[in-house]
Amino acid sequence: MISLVLILLTSLFFMGVVIRTKSIASGRKGPGLFQPMKDLFRLWKKGSVYSNTTSFIFQIAPSIYFASIIMAILVIPFGEYKGIISFDGDFVFFAYVLALGKFFSIIGALDTGSSFEGMGASREALYSMLAEPAFFILMGSFALYTGHTSFHEIFTSLHFGSYISYGLGALATFVLVMIAMIENSRMPVDDPKTHLELTMVHEVMILDNSGFDLGLILYGTNLKFAMYGALIANFFTGSFPILISILIFFGVQIIFAITVGVLESFSARFRMGNNPQFIFTLTSISILIFFGVLLIMGKFI
Amino acid sequence: MAYIQTYIAILIISLLVIPFLKVKWKGISTLSLVIFNAILSGYHAFPALLGEKLEFIFPGSIVTGAVPIRIDALSAWFILLINFTLITGALYGLHYMKTYRKQTANISLHCLAYLLIQSSLIAICVIQNSLVFLFAWEIMTLSSFVLIIFEYYKQDTLKAGINFLIQSHAGVLFLTLGFIWVYYRTGSYDFDAISQFSSSFPPIVSLGLFFSFFIGFAIKAGFVPFHTWLPYAHPASPSHISGIMSGVIIKIGIFGILRMLQLIQTDYILLGYIILVFSVISGVYGVMLAILQHNLKKLLAYHSIENIGIIGIGIGLGTLGIGQQNITLILLGFGGALLHVLNHSLFKSLLFYAAGNVYQATHTMNIEHLGGLVKRMPQSAILFLIAALAICGLPPFNGFVSEFLIYSGLFDGMENKAMLNIVVLLFSVFGMVLIGGLAILCFTKAFGSIFLGNPRHHFQETPIESSTGKLLPMYMISAFILAIGLFPKFFFSLLTEPLKLYSDKMNFTGNFAQSVQISGTMQAIGFSAAGFIVLGLLIFIIRKAVTAQKPKLISATWGCGYTGETKKMQYTASSFIRSYRKLAEPVLSVRKKKIEIDGIFPVSGWHETHPYDKIEKWFIDLPWRRLKFFFGKFRFLQNGNVQFYVLYGTIFITLILIFPVLYEAFKKIIYFLNQI
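Residues numbered from 1 in each chain as written. Chains lettered and ligands numbered in written order. Predicted model: local features only at pLDDT ≥ 70, side-chain atom pairs only at ≥ 80, totals over all residues. Heavy atoms only, no water.

A look at the overall build of chain B
Part 1: On a plain count of helices and strands, chain B comes out with 26 helices and 5 strands.
Part 2: Taking 676 residues into account, the globule formula puts the C-alpha radius of gyration at 26 Å, and chain B, at 28 Å, falls close to it.
Part 3: Counting all 676 residues of chain B, 57% fall into the buried class.
Part 4: Within chain B, contacts between residues separated by at least 24 positions form 79% of all contacts whose residues are at least 6 apart in sequence.
Part 5: Carbon and sulfur atoms form 69% of the exposed surface of chain B, whose accessible area is close to 28,500 Å².
Part 6: Positive and negative side-chain charges in chain B, numbering 48 and 27 respectively, have mean positions lying 8 Å apart. (Helix = DSSP H or I, 4+ residues; strand = E, 2+ residues; numbered from the N terminus. Rg over C-alpha atoms; globule rule 2.2 N^0.38 Å. Buried < 20%, exposed > 50% of the residue type's maximum accessible area, 1.4 Å probe, protein only. Contact = heavy atoms within 4.5 Å. Areas by Shrake-Rupley, 256 points an atom, 1.4 Å probe, with all protein chains shown as cover. Lys, Arg positive; Asp, Glu negative; His and termini not counted. Charge placed at Lys NZ, Arg CZ, Asp CG, Glu CD.)

This is how it looks when you write it as structure tokens:
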């Protein structure tokens, strides 16, 4: 429960921090922290335009996409507190429920019969497929390391001891940040601020969404960021008292948001053709983590 | 005993009567007989599933020896799922076949073959005498051949059918070899002799025996590289036959493998690794090829190979569990595999029936020609979508439950920290994840290009929704799919008895604490699935409430500034998977032909891709060509002159007659030499 509340709170200002970082990096003052949320509220109040090609799929897709994100958040624990849903192997559920949301956002885009949105859908499907193994091998390594298979148990029994394990924590954080960037279609895989449809991934998929639906999808992105941030924070909260944990949680989230901002300010988007290779490289980093775990357990020597 | 005789008597009488009925009654009587048979066999199978093992022994003949009929929990599970899919298949087929009403004789044959396939499938599940088993197996193969070539007047169909027939018989050859081996050593056709055989020989010999059976059954099940008949046979047959073939007929191969695993004692750890690697390759290869297909039914056929791979991963995991004396692995591995057998039979048959609806509405299976059907056939579209989500293993549907069990098994199996074990399991996790991701790519492509967007082709007749008769069995299946997704605990508890067959193998004496824990997890999944549905509905209702008062405009799809006709510019199935194809091209073989558009006034351009199976090229086509070349050398023998043929006959007879004489002479010479 507590993780849900914290993630919802974070989602309110996360994008604000990212945008603020980007504006400061480019020498501007930038909007207030809550400006993205205000934009969302404005969207939620608006009417919408639907394409005459679309069917009911287009109507239900954003809601299911949003529901899948909420469902995934329910699985995430906070320190010693379980998520609302917690069972052995819940990270499989987490990944698959997100995949369901992705499935719907893809068919929602295809429903418009647009010459552009199919392109984004195609890329999204491919990239998320390529990013999935990295997540599973990462979680598999930690399952192997701790001997547990649920988020809550993995995080509570994760003890950092040797130098290698700190290294593993850092690598895992890197992988999760990168997965979050891919899942949310941000730099370096996709540039949300690009103005050319041919080079977009996620943005081009939602060209036809408007009003409430668009608001849901955009808020979904905020939530997804906060969700991955919470996952990363869980690596560090450990067994501290609750207040300190909450502080660490927000600290990690803000650092994460600033990292996203910095990454987006100082890196260029990859060529589309090179994205698959880059994403697949994440899997090899996960495998590195896996071998690190084997090393800690003394399987190599 | 009397019960089985009655069963056979009814079958024979109905086979004799059906050809003389009117066309309308042929279908109806077949359907009612299928249901009747299902009730009859289900009546005995259900108690067996709950643990009441049944055994009849027929005296048999001199040739076969006693014929034991044993219904244990494993056969019961398969009998029940076979019956369900065959009933839905008959229901669907009854309406699907209306188009072919004029081909009376053909339909009679079809009905007979349908009844025979049901009886032979059930017979295969219960008969435990090798000879009679092979007999039933042969009836099954022949009747599925007849079912496949319903449209025998089409060349492709006949070709696919003969391909199926030949490859199936290659499978029969391996089975026969295995059974003869056992008979030669033990002198008994009873299946119990197989476990006798394997316990009296070193594990490596029984591994050989297992592989003889495994190859035989794998050809039926469609494991790579024995899968090549599958993608031809499925598109060729009528849709309800594709549905039952993919749903249950190929599963009988899985049944065979499971039965042999139960009987044969061998080095389970090694066997587990081998099955795992085989299955991961099958799964990934199947789905990799599925994505490239343009023919919807062929695409679904490749997905069957993928799902056989997933089932195989479960079986391999369970086998590993027996070897490592790990009860959790047995429960999760075999449990996942058995549940996935049921799940796959449900969503795959649903997909094929939906494909059948599309086919009868549009008369094409080419994905590139379809589009926008959701507006014409909303019910078929929703049913297809449900099945597509289920086959991708997404919650809240049934595919997720079985894939989850297998995933849990793979992660739990890592507790055994032997290096090889961990690496193989990690490889399998990697395979499972790739399969999942690729399946999503494949089904977004299929659903998106068939049902969504604008039509890509102008049909003479506007496609219309199928009749209620065809939709009814599909709704039945989708209700079942959702039920498994929402109440996985119940369905897992049904598997308790079949799983005991395997946990007994490791002399497990402790309590089933793990089983309790797993069913706890299953319950949590059920709740989460239900919660997800509620949440989705809630958000949708909120959306409805908020947007009810807001203005809604209907307009054209945003063309990024271009306002003209964009229908021809929408993304096609091929363009949707283009980036994937580029990535996968080195592994797969795709023939491409294209004419680029260039010049100041471009005229026309086109682009064709023909995906082909690399394994088929190397494993079937190449040896085939070599064989043809070799036998071609003897072509001169077949020269068309009757005189020559008479001569061959004479030479043959002479040789036969001379042979004993020569043999005697040879013996004498040897004797003579020995004397010296």
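Now that the structure has been shown, the text picks up again.
What about the pattern of salt bridges?
Part 1: One pass over the structure, following the stated rule, counts 17 salt bridges over all chains.
Part 2: In this structure, the salt-bridge partner of E124(A) is K102(A), at a minimum N-O distance of 4.0 Å. Taken together, the positions of E124(A) in helix α5 (residues 117-146) and K102(A) in helix α4 (residues 90-110) put the pair 22 residues apart, joining distant regions of the chain. Each member of the pair, E124(A) as well as K102(A), carries the same accessibility label: buried.
Part 3: In this structure, E608(B) and K593(B) form a salt bridge, with 3.8 Å as the shortest nitrogen-oxygen distance. Within this pair, whereas E608(B) is found in strand β5 (residues 606-612), its partner K593(B) is found in strand β4 (residues 589-595), the two being separated by 15 residues in sequence.
Part 4: Each of K102(A), E124(A), E183(A) and K224(A) takes part in a single network of salt bridges with overlapping partners. (Salt bridge = Lys/Arg side-chain N within 4 Å of Asp/Glu carboxyl O.)

So, helix α10 (residues 239-249) of chain B
Part 1: Of all 11 residues making up α10(B), 11 are buried, and the element is well covered by its neighbours.
Part 2: For α10(B), the full list of buried residues reads S239(B), H240(B), I241(B), S242(B), G243(B), I244(B), M245(B), S246(B), G247(B), V248(B) and I249(B).

Description of the nonpolar core
Part 1: The biggest cluster of nonpolar side chains holds 339 residues, and the ones touching the most others in it are F136(A), F78(B) and F443(B).
Part 2: Sorting elements by how many residues they give to this core places helix α14 (residues 327-362) of chain B first, with 21 residues.
Part 3: Ignoring sequence-local partners within four residues, the contact set of F136(A) consists of F91(A), V92(A), A95(A), Y96(A), Y407(B), F411(B), V429(B) and V433(B). (Core = buried A, V, L, I, M, F, W, Y, C linked by side-chain atoms within 4.5 Å.)

A closer look at the packing of α4(A) against helix α16 (residues 378-391) of chain B
Part 1: One can describe the packing of α4(A) onto α16(B) by two numbers: an axis separation of 11 Å at closest approach and a directional angle of 140°. What the angle tells us is that α4(A) and α16(B) run oblique. The crossing of α4(A) and α16(B) is right-handed. Facing α4(A), whose interface residues are L100(A), F103(A), F104(A) and I107(A), α16(B) presents L385(B), A388(B) and L389(B). (Axes fitted to C-alpha atoms, helices over the stretch in contact; angles between N-to-C directions. Parallel < 35°, antiparallel > 145°, perpendicular 65-115°, else oblique. Left-handed = near helix turned anticlockwise from the far one by under 90°.)

Re the confidence of the model for chain A
Part 1: Per-residue pLDDT for chain A has a mean of 86; in total, 97% of the residues score no lower than 70.
Part 2: Across chain A, element-level confidence peaks in helix α3 (residues 56-75) of chain A with a mean pLDDT of 93 and bottoms out in helix α8 (residues 202-205) of chain A with 82. (pLDDT = per-residue confidence, 0-100.)

Comments concerning the interface of chain B and chain A
Part 1: Each partner contributes to the interface: chain B provides 72 residues, whereas chain A provides 75 residues.
Part 2: Our count for the contact surface shared by chain B and chain A stands at 1 salt bridge.
Part 3: Where chain B meets chain A, there are 17 residue pairs in polar contact (both at pLDDT 80 or more).
Part 4: A per-element tally of the side of chain B that touches chain A places helix α18 (residues 419-451) of chain B first, with 17 residues. (Polar contact = N/O pair within 3.5 Å; in protein donor to acceptor, adjacent residues only side chain to side chain.)

With respect to the side chain of S141(A)
Residue and element names in this part refer to chain A.
Part 1: Mapped onto the fold, S141 is located in helix α5.
Part 2: Separated by 2.5 Å, the side chain of S141 and the backbone oxygen of I137 make a polar contact.
Part 3: For S141, the residues in contact, after removing those within four places along its chain, are S286, I289, F290 and V293.

Focus on the domain arrangement of chain B
Part 1: Each domain of chain B was delimited in the assignment, giving domain 1 (270-545) and domain 2 (635-675).
Part 2: The centre of domain 1 of chain B, based on its C-alpha atoms, is set 60 Å off from the matching centre of domain 2 of chain B. (Domains from an automatic or database assignment.)

So, the environment of G605(B)
Residues and elements named next belong to chain B.
Part 1: Within the secondary structure, G605 sits in the loop between β4 and β5.
Part 2: Taking relative accessible area as the criterion, G605 reaches 35% and is therefore assigned partly exposed.
Part 3: Residues G605 and K594, spaced 11 residues apart in sequence, show a C-alpha to C-alpha distance of 7.3 Å.
Part 4: Once residues within four sequence positions are removed from consideration, G605 is found in contact with I595 and I597.

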